[in-house]
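Summary of the model geometry
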Amino acid sequence: MGSLLIALLLLLAPRTSECLQLTVHPEEVSTVTLSTSLPLDQCSVCELKDEVVGNCVASLKIEPSENVTVHLNCTEPHKAISVLIENRIECTKTDCTPERGSVPASFLSGFKRKFVWELRAPAETTLAVNFSEYGLKKVAEGDICDDGYRYAVVTKGSDAKLQNQPYCRNGGSAYVTLPNQATLTLLVSQQEELPLSLFTVMPQPPQKRAIVPGQSVKVTPDPDTRVIISRKLASSDCTVCVGEGPSQTCAPEQTLSESLTTTVDFSCSKPQDVFSVEVNRDLDCSKDCNYNAIHPEISIFQDFDRTFTWDMKVAPSMAFQLDFPAPGMRQIPSSDRCPDKHTYTILMYARAGAVSLGTFCRNGTISRMQVLYKGRVILMVPRDTDLISSDFKYSRASGSASAAVDATLPRGQTNTDFFSASDIPSDSVMKWNFDVPPMHNFTIQFLNYVKPECQSKEVKVTYQQNKVSIETALTDEQPTNYQGDFNMSLTNCDAVRKAGAGLSLSYRVSVFRSGYPYRCTVDLQNFQGLSLQIENTNPASFCEFRMDSVVQEKIVVPAGSKVDLSFLDCPSDELLLTATQTIECQSLSSCSVNDILLTIPSLDLCLPTPLRQFKWDLRVPEQGSVELSSPQGSLHQSVPGQECDGSVSLLVSDTDGSSIGHFCYRSNQGTIQKVQIFSNVTISAKADGNKDLSQQQGSVFNISFRPEITETLIYTVSPLVSTPVLLATPSWPGEMKSDSTVSWIVTIPEEYSAELLFINVSQPRCERGHTRVAIQEMGSSKEESFREDDRYNDKYDIQSSFYLNMSNCEPEHGTFAALSKISLQKKTRKLLSIILAVVGALLAVMVIILAVVCVVVRKKKRLTNRSSIYIPKGPVSLPGDASYSKSRGENDSPVYASIDDTMVYGHLLAQDGHADRGPGNFNGHQVGMYRTFTGPMETSSKESGGEVDSGQGPEKDAYRPFLAPSETFIPARPRTPLDAVDSMGWDRRMMDNELYTFKNPSDPNPIRLSAAEPLPPPEPEDNSWSESDEAEPHYDMPDM
C-alpha cells in the first residue's frame, strides 16, 4: 500500500480521555476513512481547521495527499472509532505498482483497523500474492483468528457472483493465486502491531492447466530432460499409459526422455491422488559450461505433486557455484516447508554419499553457494500450486575446493539463522562468507550443534577478518559486537563414522546499528498550518530516521505537533528538509487573506540540515482565483536565455503537478507585474546550493484571493525599453495543459511601439477543439488570430498596449507550446516624417504667400506711376501732379460722373484683341458704348499755353488703368440686370471727367454692366432729342 504517514497527538490524556486529536496525511494512493456507529451525540468525527472545530460527522473520508487534523469527540474513541484504509495496486503483465502491501509498524495501534487493497491486472493475467513471512490457511466464514489478523479475498466467480474466502495467518499457504481483478482485505484487532511488509504481489503469465482426469495429454520434454511419472501409492492399481493405439504401453511408472511429443493417459479418474511427476535435467560443466538462467519450464501436470531436479557436475577436484536471484535464498530446517510451497534442497555428492547442504526458501540473504564436484538441486512443488518461475545461474567456481555459502546481511536490527550440512564428512570444511553493512555490529550465537566422535584432531571454528584469524571451539564464547565483513569456517575432525552422529551446527547472526544518534525536538505548535518533511536523498547511505523512537523511511512532522527526532549516520548534505505551509480561503466574503506577504519562518536550530525547500499550498475558494505579485519590484519568468540567477527560485504549479513556470524577483529587470491563476496553487521556493532558506530575508510573494477569472492564467506584463521580454506558455519548454488558456496583458508606453515575434511555436493535431493564438490592441475591435492548421506571420508590429491570448485543444498527438518575444521601439521615424511633411507644407504655403505679396507690392508700385488722359484743349495734366495749378473753375477740362474703371473701356480692349487680359473683360461680354464729348478740340497742345513735362509724364493719348482688376483682390461686379433708367444717376466709382459730363440723370446708361440684354430705351419726349444734334466723336484708345 506504500507507507501511510499518521501522526497522533493526544490533547488531554491517553486512551481514557474524552477526546482525541490526530493528524492524518495519506499517501497519493491511499484513502483513510474514520467512522463510528454510535449516534452523533455520543461520538463524532470533527475536522479541525485553524484550531477551530468544524463540522462533525459520523464518517469522515480523507482523500490522498490531504493533510487533515481531526478531533474525535468520543468518550472512548479507540473503542468507538474504526479506521478504513483503502488502496489500489495496478499491475501490468510484468510488474505491479506498488509491489508491496505495507504500513508503518505503529500505524494507529489501539484502533480497529481494516485495510482494503484493490488488485487490478490485464486480462488473462493471474496475480500471485506472497505471504512468505507467515503463510495463510483457509478458514470458515465464522472462524476466529487467534492472533487477531484476519484476511479475506473477494473474487468474482464464473457465475459473476462475488466469492469471499477468509484466511488466518501461520498456515501452509504462502502464495494465494488470484484472478486479474480481486479485493484483498485485512482486519486487525486493536492490540496488534503491524509488520512493515504484509505481502508482495507478482503478475503471472497465463499457464495451461493440468490435464482433465481420464483424458489424454500431449507431453514434449525439453532436450536433456526426462519426465518421470511414478505411482506413489503402491496399493493403487491405476496405471499411466504412453502412446496411442497398438503401441500404447501402461505401467505404474513411465519415463519420457526423448524430445518428442508423446500422448499420456491414465486409467483412473483421479490420477493426481495416485501419481507424482518428476522433471529431471542433466547439466554438465566438466567440459563446456554455457548454461543460461536455469528455471522450471514445464507448464503441465499442475494438479500433481511435482519435483524438479537438476543434476550438475564438473571435473573432479573442482567445484561449481549457484547464483540465486535477488534478494536471495533463506535457509530453514530440513523438516520445514516454505510458505510459498516452493522448497529447495541442495545436495552434494561426497565419497561417502550424498550430503544435504541445506533446505532453502526464496527471499533471503544467501546469494551464492559453492558445491564440490557433483551435486543436485531439488525443487518440490505440491499439487494445486501455481509454479513460480525463479531463475538461478550455474557455472564453474574458482577458489578453494570446499563447500561455501555467501550471505549478505540486511541493514538495521536483524537476526538470521544458518545451518551447516547435515553430516559434514570427516576432515572436511564448510565455509560462510558474510557481508556486514557498514556502521553495523554483529554477534554470533550458536543455537545447536552435534559433535562427532573424533579419532584425531578436534572440531574447530575459525573466524577471519582483515587477515586476522581467531579459532574457537564449539563450546567457547563466539564473537560479540564486531564490525566489518568476516569469514567463518567449520572444520570437522577425523570422525568415527556413525549413522546420524555426524557433525552439524545451527547458529544465529545478529546485526544491529552502531554509533549514537543525534537527537532533536521539533515544536510546530506556534506555526499555523506549517509541517515538516525530512528525506534521505542517498538510498545507498545508512541513515536511520526515528520519530518518537519509531524507525521511519522519511519523517513527516504534522502541523501543530511536537515530536522527538533522532538521526543515526545521516550526513547533513544527504538530507532534504522541506517545510510546507497551507493557506486556505473558505470564501471571498469571509476571507481575511488579502495582500498577504509570504515569508519563510525560522525553524528550530537543532535540525540537522538547512531548510532547502519551502512550499506554500494556496487553497482557492469556489468562484475565486489567486493573484501573485512581487513585493520587491517585478517578477521575472525563467526561460532559456533569460534564466533566473538569484539565490532563490520560485516554482509555481497547479495542485495536479502541472508546472506554470519558474519565477524570481528582480528590482530593475522584472517585467511581470502580477499573475492571476484560476485554480489551487503550490509555490515552491528552492535555495541555491547549500544555502539555508530560513535565513532568507524579506518576503518572497504578495498573495491575494480575488474573484474568479475566465482564463486559466493571466499575466500582466510591462516590457522594458532596454531588454526584450520573452513570453512562454506554462511549463515551457514542455507542453501546455490540455483545454487550458493563458493571456498576457501587455502595457506599452505611449511614445513606443512593440514588435511581437513568435520565436518557437509547436502545434499538435487536435482530437477535440482547436488551438488559438489571438492578438488584439486595447480599445480596438480588430483582432488577428490563427489556429493550429493556419499559416501565421512570425512578426507583428503593434502601436499600443494589447492582449495576447492562447488556448490549447485536446491533442490527439503532439503538443502545444509557444515562445514569443516583445521588443519596444521608439516611434521616431513616423513622427519625423509627419513633422517634415508639416514643415514642408508650411514652407510651401509661406513661399506662395511671399510670392503673392511680392506680386501685389510690385503691382502697387506700378499703380503709383502717373497716367495721362488725352485732352483736346489746354495743357497736358498729370493726375496728382502738384504742378497742375488750375482750379476747377479755371479748368475747362471735361467733367465725368463716377464710373467703374474696369467697365469703361472693356469693349475697346475686346476690339483691340485684348479680350483675354484679366477679369475686366467679363468673359467676353460687351459693356455699354463709350460716347465722346462733341465739343471743340484743340489740334495742338502748344496753343493751350501749357508746358509739358517731357521727362516724367506718361505717354499721351493712351489709357492706363490705375490697377488691373485681376490685381486688386476686389471681387468682380455682380452681373445682375439693371434698369435702363436712373441706373447711373450718380456712381461713386466714376471719376470727374469731362468726357461724361453730357449725361443727364434721366438719360439711359450706355454702359453694359451685365450679360443680360438691357431693356429698350423709352421713347424720347418732344424736343428732348434731335437728329440735328451733332454726332459725338469716337475716340480710339491706344493699346496698353
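Residues numbered from 1 in each chain as written. Predicted model: local features only at pLDDT ≥ 70, side-chain atom pairs only at ≥ 80, totals over all residues. Heavy atoms only, no water.

1. Here's the deal with the overall build of the chain
For the chain, the count of helices and strands is 4 helices and 71 strands. Residues classed as buried in the chain amount to 43% of the 1040 residues present. Sequence separation of at least 24 residues holds for 80% of the intrachain contacts in the chain that already meet a minimum separation of 6. Total accessible area computed for the chain in this model is approximately 55100 Å², and 49% of it derives from carbon and sulfur atoms. (Helix = DSSP H or I, 4+ residues; strand = E, 2+ residues; numbered from the N terminus. Buried < 20%, exposed > 50% of the residue type's maximum accessible area, 1.4 Å probe, protein only. Contact = heavy atoms within 4.5 Å. Areas by Shrake-Rupley, 256 points an atom, 1.4 Å probe, with all protein chains shown as cover.)

2. What about a nonpolar patch on the surface?
On the surface, Ile835, Val839, Leu843 and Met846 cluster together into a nonpolar patch covering about 370 Å² of accessible area. Its place among the elements puts Val839 in helix 2 (residues 829–863). Residue Val839 is classed as partly exposed on the basis of its relative accessible area of 40%. (Patch = residues over 30% accessible without salt bridge, like charges linked within 9 Å, V, L, I, M, F, W, Y side chains within 5 Å. Salt bridge = Lys/Arg side-chain N within 4 Å of Asp/Glu carboxyl O.)

3. Describing the packing of aromatic side chains
Within the structure shown, the criterion is met by 23 aromatic pairs. When the centroid spacing of 4.9 Å and the interplanar angle of 85° are considered together, the rings of Trp117 and Phe199 count as edge-to-face. With Trp117 in strand 11 (residues 112–120) and Phe199 in strand 18 (residues 197–204), this pair connects stretches of sequence that are 82 residues apart. For Trp117, a relative accessible area of 0% gives the class buried. Here Phe442 and Phe486 contribute two aromatic rings whose centre-to-centre distance is 4.1 Å and whose plane-to-plane angle is 15°, an arrangement assigned as stacked. Of this pair, Phe442 sits in strand 37 (residues 440–450) while Phe486 sits in strand 42 (residues 486–491), and the two are 44 residues apart along the sequence. Residue Phe486 is classed as buried on the basis of its relative accessible area of 3%. Grouping aromatic residues by their ring pairs yields a cluster made of Phe418, Trp432, Phe434, Phe442, Phe446, Tyr463, Tyr482, Phe486 and Tyr507. Sitting above the plane of the Tyr349 ring, Lys374 keeps its charged end 5.8 Å from the centroid. (Phe/Tyr/Trp six-rings, centres within 6.5 Å; stacked < 30°, edge-to-face > 60°. Lys NZ or Arg CZ within 6 Å of the ring centre and 35° of its normal.)

4. Regarding the pairing of strand 69 (residues 802–807)
With 6 bridges joining them, strand 63 (residues 741–746) and strand 69 adopt antiparallel strand pairing. Opposite Val742, over in strand 69, you have Met806 as the bridge partner. Strand direction decides the pairing type here: strand 66 (residues 772–777) and strand 69, joined by 6 bridges, are antiparallel. What sits directly across from Glu777, in strand 69, is Phe802. (Pairing = 2+ DSSP bridges.)

5. Considerations on the state of the cysteines
Applying the stated rule across the entire model yields 11 disulfides. One disulfide in the model links Cys145 with Cys168; its S-S distance is 1.8 Å. The sign of the -85° torsion about the S-S bond sets the Cys145-Cys168 disulfide as left-handed. Within this pair, whereas Cys145 is found in the loop between strand 13 (136–138) and strand 14 (149–156), its partner Cys168 is found in strand 15 (residues 162–169), the two being separated by 23 residues in sequence. (Disulfide = S-S within 2.5 Å.)

6. Section: unusual backbone geometry
The linkage connecting Thr97 with the following residue, Pro98, adopts the cis geometry, with an omega of -15°. Within the fold, Pro98 resides in the loop between strand 9 (96–97) and strand 10 (100–102). The residue after Trp732, namely Pro733, is reached through a cis peptide bond having omega 5°. Position of Pro733 relative to the elements: it lies in the loop between strand 62 (725–728) and strand 63.

7. Looking at the nonpolar core
Membership of the largest hydrophobic core comes to 77 residues, with the highest contact counts inside it found for Leu565, Trp616, Phe701, Tyr715, Phe758, Phe802 and Leu804. Sorting elements by how many residues they give to this core places strand 64 (residues 752–762) first, with 5 residues. What Trp616 contacts, discounting residues up to four positions off in sequence, is Gln581, Ile583, Leu598, Thr599, Ile600, Val681, Thr682, Ile683, Ala685 and Val700. Grouped together as the second largest cluster of nonpolar side chains are 73 residues, Ile346, Trp432, Val461 and Val509 included. (Core = buried A, V, L, I, M, F, W, Y, C linked by side-chain atoms within 4.5 Å.)

8. Comments concerning the environment of Ser653
By secondary structure assignment, the location of Ser653 is in strand 56 (residues 648–654). Residues Ser653 and Ile683, 30 residues apart in the sequence, show an inter-C-alpha distance of 6.6 Å. If we skip the residues at most four places from it in the chain, Ser653 touches Ser658, Ser659, Ile660, Asn680, Val681 and Thr682.

9. Some details on the sheet that holds strand 37
The strand order across the open sheet formed by 4 strands is 35-44-37-41, and the pairing between neighbours is antiparallel. Of all the strands in the sheet, the pair left with one neighbour each is strand 35 (414–419) and strand 41 (482–483). Pairing of strand 35 with strand 44 (residues 504–513), which is carried by 6 bridges, proceeds in the antiparallel orientation. When the bridges of strand 44 are listed, Asn415 appears paired with Ser510.

10. Some remarks on the pattern of salt bridges
Following the criterion strictly, the structure yields 24 salt bridges and no others. For Arg546, the salt bridge identified is with Glu544, shortest N-O distance 3.1 Å. Overall, Arg546 belongs to the partly exposed group, its relative accessible area being 27%. Judged by relative accessible area, Glu544 falls into the buried class, the value being 14%. Notably, a salt bridge pairs Glu810 with Arg768, separated by 3.5 Å at the nearest N-O pair. Of this pair, Glu810 sits in strand 70 (residues 810–813) while Arg768 sits in strand 65 (residues 765–768), and the two are 42 residues apart along the sequence. A relative accessible area of 48% means that Arg768 is categorised as partly exposed. Through salt bridges that share partners, Asp323, Arg368 and Asp406 make up one connected network.

11. Quick word on the side chain of His342
With respect to the helices and strands, His342 occurs in the loop between strand 28 (329–332) and strand 29 (343–350). With relative accessibility at 0%, the residue His342 sits in the buried group. Setting aside chain neighbours within four positions, we find His342 in contact with Phe360, Cys361, Leu379, Met380, Val381, Thr385, Asp386, Leu387 and Ile388.

12. Notes on the sheet that holds strand 64
Hydrogen bonding along the main chain pairs the strands of a sheet, whether they run parallel or antiparallel. Taken in spatial order, the 4 strands of this open sheet run 62-71-64-68, and their pairing is antiparallel. Two strands bound the open sheet, and with one partner strand each, they are strand 62 and strand 68 (795–798). Adjacent strand axes in the sheet meet at a mean angle of 20°, parallel and antiparallel pairs treated alike. For strand 64 and strand 68, the ladder comprises 4 bridges, and the chain directions are antiparallel. Within strand 68, the position partnered with Leu756 by the bridge is Tyr796. (Axes fitted to C-alpha atoms, helices over the stretch in contact; angles between N-to-C directions.)

13. Quick look at the side chain of Glu574
Counting through the fold element by element, Glu574 comes out in the loop between strand 50 (562–568) and strand 51 (575–584). A polar atom in the side chain of Glu574 sits 3.2 Å from the side chain of Asn538. (Polar contact = N/O pair within 3.5 Å; in protein donor to acceptor, adjacent residues only side chain to side chain.)

14. Concerning the environment of Val139
Assignment of secondary structure puts Val139 in the loop between strand 13 and strand 14. Given a relative accessible area of 15%, Val139 falls into the buried group. Along the chain, Val139 and Gln165 lie 26 residues apart, while their C-alpha atoms are 7.8 Å from each other. Residue contacts for Val139: discarding those within four places in its chain leaves Arg150, Gln165, Pro166, Tyr167 and Cys168.

15. Comments concerning the confidence of the model for the chain
On average, residues of the chain score 77 in pLDDT, and 74% of them reach the 70 mark or higher. Note that residues 910–926 has pLDDT below 50 and, in this model, 21 contacts with residues that lie over four places away or in other chains. Scored below 50 in pLDDT, residues 1022–1040 shows 32 contacts in the model against residues more than four places distant or in partner chains. (pLDDT = per-residue confidence, 0-100.)

16. Focus: the environment of Ile444
Within the secondary structure layout, Ile444 lies in strand 37. Put simply, Ile444 and Val511 are 67 residues apart on the chain and 9.2 Å apart in space, counted from C-alpha to C-alpha. The contact partners of Ile444, leaving out residues within four places of it in the chain, are Tyr463, Gln478, Pro479, Phe486, Tyr507, Arg508 and Val509.

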